[in-house]
Amino acid sequence: MNQEQQAQPAPQTPPPTGTNGSDGQEAPQKTVVQAPAPKTKPEKNLYDPYVTPTVLYNAIRTVAIILLSLVSRIKLRSRYNIPKEGPFIIASNHLSWTDVPLVPLFIPGKVVYMAKEELFHSKVGWLVRFLGAFPVKRGEADRRALRAADEQLKKGKIFVIFAEGTRSRSHTLAKGNNGMSYIALRSGVPVLPVAIHGSENVLKKFGAKVTITYGKPIVFTPKNGKKVTNEDIQETTNTIMYSIASMLPAQYRGVYSDLPPEFAEKAPRD
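Within each chain, residue numbers correspond to sequence positions counted from 1 in written order. Predicted model: local features are reported for residues with pLDDT of at least 70 only, side-chain atom pairs are reported and counted for 80 or more only, and whole-chain, interface and lining totals are derived from all residues. Side-chain metrics rest on all non-hydrogen atoms present in the structure, leaving aside hydrogens and water.

The name recorded for the chain in an unreviewed UniProt entry is Phospholipid/glycerol acyltransferase, from Ktedonobacter racemifer DSM 44963.

Written out as structure tokens, the structure is:
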């Protein structure tokens, strides 16, 4: 072996894995303990209405009847038209937020509502849900809300919907919402038209007269079998809205003032 080969340094060996790199002894392994994931409450399914206990619901109804009877004069017309049990749809006009308790107040059994989505994220969201409401997105075809309504009717519930889709600022009938008609045609359950007037004065005038009129239940079915067409929906909407208009005094009828003959003959003369 020549001197040049002897002069080359020996290759260095890296310290073994897991050692401290100085004395060759293994360093203690650090055990990483993961903290348990924080428990989160399951999200509430707002499309499944809260079921108020019957005793509590009846107690609230009784208190509401007493209070509203003290501050207003409530007159009921054609109450005999109300079905004895569900499922059925209550389709009413909407003049004031007081319609929410007034319209179903004298209906036997508990009811469920469809209410605008914004209410569920407001300060009164808990109350809206407590009353048995589920949300609907206004201004669009909310299929999830439509399915929820259909499911509630299949369970035998009484479903309240305000036919115009929102409260009337002018206190006259506005154009009917077609979602109501789609639900009626899909479910095949009776629709009970309800007309209310005078409720817009309950909070403004002590002893305001409120009249609630119940029309004859109507069952709607698609003309061509099970498929619901736009023509079916429009005809159903018109029938429901003219039924409501015919039970209102002329000054409340709004866009439905020009009653067809079959509805005009049923209209009140006062």
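From this point on, the discussion continues.
Colleague: Account for the overall build of the chain, with residues named and values stated.
Modeller: The secondary structure content of the chain amounts to 8 helices and 7 strands. Exposed residues in this analysis have more than 50% of their type's maximum accessible area, buried residues have under 20%, and partly exposed residues fall in between, with area computed by a 1.4 Å probe over protein chains only. Looking at the 270 residues of the chain, the share that counts as buried comes to 41%. Note on definitions: a residue-residue contact is assigned when non-hydrogen atoms from the two residues lie within 4.5 Å. Across the chain, contacts joining residues at least 24 apart in sequence account for 71% of those joining residues at least 6 apart. Only DSSP runs of H or I with at least four residues qualify as helices, and only runs of E with at least two residues qualify as strands; both kinds are numbered from the N terminus onward.

Colleague: Kindly report on a nonpolar patch on the surface, identifying the contributing residues and their values.
Modeller: On the surface, Val-63, Ile-66, Leu-67, Leu-70, Val-71 and Phe-206 cluster together into a nonpolar patch covering about 610 Å² of accessible area. Looking at the secondary structure, you find Val-63 in helix α2 (residues 54-71). Since its relative accessible area comes to 46%, Val-63 is described here as partly exposed. A patch consists of residues exposed above 30% relative accessible area that lack any salt bridge, with like charges linked at up to 9 Å and nonpolar side chains (Val, Leu, Ile, Met, Phe, Trp, Tyr) linked at up to 5 Å. In these tables, accessible area is a Shrake-Rupley quantity obtained with a 1.4 Å probe, and a residue counts as shielded only by the protein chains included in the view. By definition, a salt bridge exists where a carboxyl oxygen of Asp or Glu is found within 4 Å of a side-chain nitrogen of Lys or Arg.

Colleague: Help me get a handle on helix α6 (residues 178-187), residues and values and all.
Modeller: Those residues of α6 that fall on the buried side of the exposure criterion are Met-180, Ser-181, Ile-183, Ala-184 and Leu-185. Summarising the contacts, the buried residues of α6 are in contact with β2 (88-92), β3 (111-116), α5 (143-154), β5 (158-162), β6 (191-197) and α7 (230-246). Within 3.5 Å is the distance limit for a polar contact, defined as a pair of N or O atoms, with the added protein rule that one can donate a hydrogen and the other accept it, and that residues adjacent in sequence qualify only through two side-chain atoms. By the N-cap criterion, in which a side-chain oxygen at the helix start approaches the backbone nitrogen of a residue two or three places on, α6 is capped by Asn-177, the distance to Gly-179 being 2.7 Å. Remark: Gly-188 follows α6 within two positions and exhibits a positive phi of approximately 75°.

Colleague: Which residues make up the pairing of strand β4 (residues 133-136), and what are the values?
Modeller: In β4, alternate side chains face the same way, and those of Ala-133 and Pro-135 on one face and Phe-134 and Val-136 on the other are all buried. Between any two strands, at least two bridges found by DSSP are needed for them to pair. As defined by bridge partners, β3 adjoins β4 across 4 bridges and the pair is classed as parallel. From the neighbouring strand, Ala-115 faces β4, where its bridge partner is Pro-135. Consider the strands pointing away from the viewer: the crossover is right-handed when the path from the first strand over the helix to the second runs clockwise. With helix α4 (residues 125-130) bridging β3 and the parallel β4, this β-α-β connection has right-handed handedness.

Colleague: Outline unusual backbone geometry, supporting the account with residue identities and numerical values.
Modeller: Backbone torsion omega between Gly-86 and Pro-87 reads 5°, so that peptide bond is classified as cis. Of note, the phi angle at Ser-78 is positive, near 55°, even though the residue is not glycine. With respect to the helices, strands and loops of the structure, Ser-78 is situated in the loop between β1 (72-77) and β2. On the basis of relative accessibility, which here comes to 24%, the residue Ser-78 falls in the partly exposed class. Positive phi, close to 60°, is recorded for His-171, a residue that is not glycine. Looking at where His-171 falls in the secondary structure, it is placed in the loop between β5 and α6.

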